[in-house]
Amino acid sequence: MDQKLIAHLTSTISLLADDRQYILVIKSNPTQSIKNGYHTYHRAIGDCFEEILSHMIRLNIADGKDKEMKDIAIIVENTAQKIRKLFKSFEDLVIDKKG
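If you're wondering where the values come from, they're calculated on a predicted model, not measured in any experiment.

## What to know about the pattern of salt bridges
Then, number 1: Counted according to the given criterion, the structure contains three salt bridges.
Then, number 2: Here K67 and D63 are joined by a salt bridge, their closest N and O atoms 2.4 Å apart.
Then, number 3: Since its relative accessible area comes to 39%, D63 is described here as partly exposed.
Then, number 4: Residues R84 and E77 are paired through a salt bridge, measuring 3.7 Å at the closest nitrogen-oxygen approach.
Then, number 5: On the basis of relative accessible area, E77 is assigned to the partly exposed category, the value being 37%.

## Here we look at the nonpolar core
Then, number 1: One finds L9, I13, L15, L24, I26, C48, I52, M56, I83 and F87 forming the largest nonpolar core, which totals 10 residues.
Then, number 2: Where this core is concerned, the elements lending two or more residues are strand 2 (13-17), strand 3 (22-26) and helix 1 (45-61).
Then, number 3: Excluding residues that lie within four positions of it along the chain, I26 makes contacts with T12, I13, G37, Y38 and H55.

## Description of helix 2 (residues 69-86)
Then, number 1: Here helix 2 is 18 residues long and its end C-alpha atoms lie 26 Å apart, about the 26 Å a rise of 1.5 Å per residue gives.
Then, number 2: Of all the positions in helix 2, only I75, T79, A80 and I83 are classed as buried. Projected down its long axis, helix 2 carries its buried residues within an arc of 130°, all on one side. Turned more than 90 degrees away from the buried face of helix 2, the exposed residues are K70 and K85.
Then, number 3: Elements in contact with the buried residues of helix 2: helix 1.

Quick notes on the rules
- Residues numbered from 1 in each chain as written.
- Predicted model: local features only at pLDDT ≥ 70, side-chain atom pairs only at ≥ 80, totals over all residues.
- Heavy atoms only, no water.
- Salt bridge = Lys/Arg side-chain N within 4 Å of Asp/Glu carboxyl O.
- Buried < 20%, exposed > 50% of the residue type's maximum accessible area, 1.4 Å probe, protein only.
- Core = buried A, V, L, I, M, F, W, Y, C linked by side-chain atoms within 4.5 Å.
- Helix = DSSP H or I, 4+ residues; strand = E, 2+ residues; numbered from the N terminus.
- Contact = heavy atoms within 4.5 Å.
- Expected span 1.5 Å × (residues − 1).
- Arc of directions from axis to C-beta.

Shown next as structure tokens:
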């Protein structure tokens, strides 16, 4: 099946789709090719957003430093705010249902 690029969401995260599913590609670094990135397949775009949030939280929490629960909660909230800002353009999309 032919995969088509929807958007490069960050320098390491890209969203593609074919006629049956969304494909989320997470690369280790910006220079890695898309075909060598970590691919996950989703039926709904909302699942892609959840995967991105989970991935970014893992990256931000796993920094090798000692943390208390309060620190983890702050990291999770800050990461969620970044994701909301990243996907704000999706929220602003309006589809005219009058046809």
